[in-house]
Amino acid sequence: MDPHDATVPRGFVSTGELPPGDRVSDLLHRAHTRFRAVDDGTCSDVYPALARVDPALFAIAVTGVSGTRTSVGDIDRRFTLMSLSKPFVLALVCESIGPETVRERIGVDATGRPFNSIEAVERSPHGRTNPMVNSGAIATTALIPSSDLDHRWDFVVDGLSRFAGRPLDLDREVLGSALRTNDRNRAIARLLHSLGAITVDPDDTVELYTRQCSLAVDVDDLAAMGATLANGGTNPITGEVVVSPVVCHDVMAVMATAGMYDTSGTWLWRVGLPGKSGISGGIVTVSPGKGGLGTFSPPLDHAGNSVRGQLASEFLAAELGLDVFATRPVDRPAITR
């Protein structure tokens, strides 16, 4: 029996509930007030359109697996997914061709190198890295079924929209900026192609990858996407089944080990949850069985992770009882011998 077969039931799942709605709202407001004045970090200049974003923007949202939604701050401001697209495209591809096929083709172990490293590709057998860094994410996008670019794009935008619970649109300014300046990703794709890690046209693959990164969301969308993973692949807002529970398990495992790039260990130590960041300033955090947490704040640290987003996520993981590693002794009578 294959434990990764989506038809095989698992006896125990992560359960629990978020605090009452007024408590969640109070904690989100406290986190926003506490961290909005933090002025560390700088906005990404990887693409010119990102460098022009207002660094004062800050928003936080929580969506529970029951469908409850709470958000504070600049909640109407949309931003591009960038690397936040990686776990969700991974989930869609795993659902389509099977998680074990993806693991064998792409790899799942952390590289110990920056997210856009070419060295990581050269050092690994057959260019295998992991789906949370650029090389592995490009290789994952290359596994999307169909040889037709338009059909593959429909697969991506439809799937990511189902995760968010509404149709997502392209930010064409960011897309244009990225397509003009993404030479490094094109070099990575061509290297992967030369190693046999991708078998489709590398330039088409990079264009598709760049489009997925340029889809625009707001912080409530991001929390809903995280909550869909937390809810076994069913969107708690729309009730639509997006992917299977087994796929959610495997995607969250990769997020936990490599979702925050070379500071993933520190993140897991402090937050205790699978997470993924993007250079636009978003972070999505998943608490299995409870819900999703989304934050948006553009200034980034040296690793490319939102400074305020990390602080808010650490605070809320503890205060909302989300941390999967947090334990307390069971209150019961002492055992006498």
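Cut-off values and rules
- Residues numbered from 1 in each chain as written.
- Predicted model: local features only at pLDDT ≥ 70, side-chain atom pairs only at ≥ 80, totals over all residues.
- Heavy atoms only, no water.
- Helix = DSSP H or I, 4+ residues; strand = E, 2+ residues; numbered from the N terminus.
- Buried < 20%, exposed > 50% of the residue type's maximum accessible area, 1.4 Å probe, protein only.
- Contact = heavy atoms within 4.5 Å.
- Areas by Shrake-Rupley, 256 points an atom, 1.4 Å probe, with all protein chains shown as cover.
- Expected span 1.5 Å × (residues − 1).
- Core = buried A, V, L, I, M, F, W, Y, C linked by side-chain atoms within 4.5 Å.
- Pairing = 2+ DSSP bridges.

> Can you help me understand the overall build of the chain in this one?
Check the secondary structure of the chain and you find 14 helices and 8 strands. When the 337 residues of the chain are sorted by exposure, 55% land in the buried category. Taking the intrachain contacts of the chain between residues at least 6 apart in sequence as the baseline, contacts between residues at least 24 apart amount to 70%. Split by element, the accessible area of the chain, about 14800 Å² in all, is 51% carbon and sulfur.

> Any chance you could explain helix 14 (residues 307-319) here in plain terms?
Here helix 14 spans 19 Å end to end across 13 residues, near enough to the 18 Å set by a 1.5 Å rise per residue. Within helix 14 the residues assigned to the buried category are Val-307, Arg-308, Gly-309, Gln-310, Ala-312, Ser-313, Phe-315, Leu-316 and Ala-317. Two residues or fewer after helix 14 comes Gly-321, characterised by a positive phi angle close to 70 degrees.

> I would appreciate a short explanation of the nonpolar core in the present structure.
Considering soluble globular proteins, one finds that nonpolar side chains tend to be buried as a cluster. Core analysis: the largest hydrophobic core is formed by 64 residues, its most contacted members being Leu-81, Leu-160, Phe-163, Met-225, Leu-229 and Val-243. Leaving out residues up to four positions away in the same chain, Leu-81 has contacts with Leu-160, Gln-212, Cys-213, Leu-215, Val-217, Leu-222, Met-225, Gly-278 and Ser-280.

> It is not clear to me how the sheet that holds strand 4 (residues 169-170) should be interpreted in this structure. Could you clarify?
Two pairing modes exist for strands in a sheet, parallel and antiparallel, and in both the strands are linked by backbone hydrogen bonds. What the 3 strands build is an open sheet, ordered 3-5-4; its pairing is antiparallel. Edge positions in the sheet fall to strand 3 (79-80) and strand 4, since each of these pairs with one other strand and no more.

> I tried to follow the pairing of strand 2 (residues 69-73) on my own but got confused; where do I start?
Within a regular beta strand, the side chains point alternately toward one face of the sheet and then the other, so they alternate between its two faces. Both strand 1 (residues 59-64) and strand 2 contribute to a ladder of 5 bridges, which runs antiparallel. Note that in strand 2 the partner of Thr-63 across the bridge is Arg-69. Here strand 1 folds back onto strand 2, and the loop between the two strands holds 4 residues, one of which, Gly-67, carries a positive phi near 100 degrees.

> I tried to follow the pairing of strand 7 (residues 282-287) on my own but got confused; where do I start?
Counted residue by residue, strand 7 has 6 buried out of 6 residues, so it is predominantly covered. Alternating positions in strand 7 separate into two faces, Gly-282, Val-284 and Val-286 on one and Ile-283, Thr-285 and Ser-287 on the other, with burial throughout. Pairing between strand 6 (residues 275-277) and strand 7: 3 bridges, direction antiparallel. Each bridged residue has a counterpart across the sheet, and for Ser-277 the counterpart in strand 7 is Ile-283. Between strand 6 and the antiparallel strand that follows it, strand 7, lie 4 residues; Gly-281 among them carries a positive phi value of about 110 degrees. Of the strand pairs in this sheet, strand 7 and strand 8 (residues 291-296) are connected by 6 bridges, and their pairing is antiparallel. What sits directly across from Thr-285, in strand 8, is Leu-293. Between strand 7 and strand 8, which pair antiparallel one after the other, the connecting turn spans 3 residues, and Gly-289 there sits at a positive phi close to 80 degrees.

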